[in-house]
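Here are the chains, one letter per residue:
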Amino acid sequence: SQTIHQWPATLVQPVGSPLSLECTVEGTSNPNLYWYRQAAGRGLQLLFYSVGIGQISSEVPQNLSASRPQDRQFILSSKKLLLSDSGFYLCAWRETGLYSNQPQHFGDGTRLSIL
Amino acid sequence: QQQVKQSPQSLIVQKGGISIINCAYENTAFDYFPWYQQFPGKGPALLIAIRPDVSEKKEGRFTISFNKSAKQFSLHIMDSQPGDSATYFCAASRADSSYKLIFGSGTRLLVRP
């Protein structure tokens, strides 16, 4: 069966520090991968998605970036964190296919607090 | 046109009652409408989903009703239980290269015992 792992679960970082969040998926090949951010009590905002190794599409211009160095690995990074980067970061995957009715499956997220 | 509007923002229901959450969309290219359930500190989990060629889908106590002409869909939770207390998100997507989901803003449901 497929599983998705995100780490760390929680992170406290000072303003201006770098960031690296990692997401890996097991049990599938060439998945679509997604990074979302969820502000407290709010909905999910899509940040990046990837349909293949090295292929990254950005949805929201900001000081975050994403990379997909391996088929089932998705990394969210920042060179210098801002206070506004605080939030709950979620990684998701879905099977590739021609039809949209294949669900996205989410990890348990990383709670990022910027001080 | 890419938005999905969800209401209410919060909902309190007595145990055994019916919880109803509504969503509306504008983009007629959307062809997949899932509902997700999220508990505090966890990622959203797929609850139930529907395609626009179906007007209703039922899975256990959870039912999606879909009105294509009105561009609205809703989640009904029958016999609501305290364990159903969570945040619920509707979403929509269309068949393109990304299959990205557009989420509603969420409904926080509290089921009182």
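Okay, the interface of chain B and chain A next. Contact with chain B, which involves 23 residues of that partner, is made by 26 residues of chain A. The junction of chain B with chain A conceals about 1800 Å² of combined surface from both sides, 54% of it contributed by carbon and sulfur atoms. For the pair chain B and chain A, the interface holds two salt bridges. Here B:Lys100 ties to A:Glu59 by a salt bridge, and the two come within 3.0 Å at their closest N and O atoms. In this assembly, chain B and chain A are joined by five residue pairs in polar contact (both at pLDDT 80 or more). A breakdown of the residues in the side of chain B that touches chain A according to their chemical character gives nine nonpolar, eight polar and six charged.

With that settled, consider the packing of aromatic side chains. Going through the model one piece at a time under the given rule, you end up with 17 aromatic pairs over all chains. Measuring from ring centre to ring centre gives 6.0 Å for A:Phe106 and B:Phe103, while their planes differ by 70 degrees; the resulting arrangement is edge-to-face. A residue pair is termed interchain when its members come from two chains, as with A:Phe106 in strand S10 (residues 105-106) and B:Phe103 in strand S10 (residues 102-103). According to the relative accessible area criterion, A:Phe106 is buried, its value standing at 10%. Where B:Phe33 meets B:Phe66, the ring centres are 4.8 Å apart and the plane angle is 50 degrees; that geometry is what we call tilted. Of this pair, B:Phe33 sits in strand S4 (residues 33-38) while B:Phe66 sits in strand S7 (residues 62-67); the two residues are 33 residues apart in sequence, bridging distant segments of the chain. The class of B:Phe66 is buried, set by a relative accessible area of 8%. Among the aromatic residues, those joined into a ring-pair cluster are A:Tyr34, A:Tyr36, A:Tyr49, A:Phe106, B:Tyr36, B:Phe89 and B:Phe103. The aromatic ring of B:Tyr99 is capped on one face by A:Arg94, whose charged end is 3.9 Å from the ring centroid.

Conventions used here
Residues numbered from 1 in each chain as written. Chains lettered and ligands numbered in written order. Predicted model: local features only at pLDDT ≥ 70, side-chain atom pairs only at ≥ 80, totals over all residues. Heavy atoms only, no water. Contact = heavy atoms within 4.5 Å. Buried area = accessible area lost by both parts, 1.4 Å probe. Salt bridge = Lys/Arg side-chain N within 4 Å of Asp/Glu carboxyl O. Polar contact = N/O pair within 3.5 Å; in protein donor to acceptor, adjacent residues only side chain to side chain. Nonpolar A, V, L, I, M, F, W, Y, C, P; charged D, E, K, R; others polar. Phe/Tyr/Trp six-rings, centres within 6.5 Å; stacked < 30°, edge-to-face > 60°. Helix = DSSP H or I, 4+ residues; strand = E, 2+ residues; numbered from the N terminus. Buried < 20%, exposed > 50% of the residue type's maximum accessible area, 1.4 Å probe, protein only. Lys NZ or Arg CZ within 6 Å of the ring centre and 35° of its normal.

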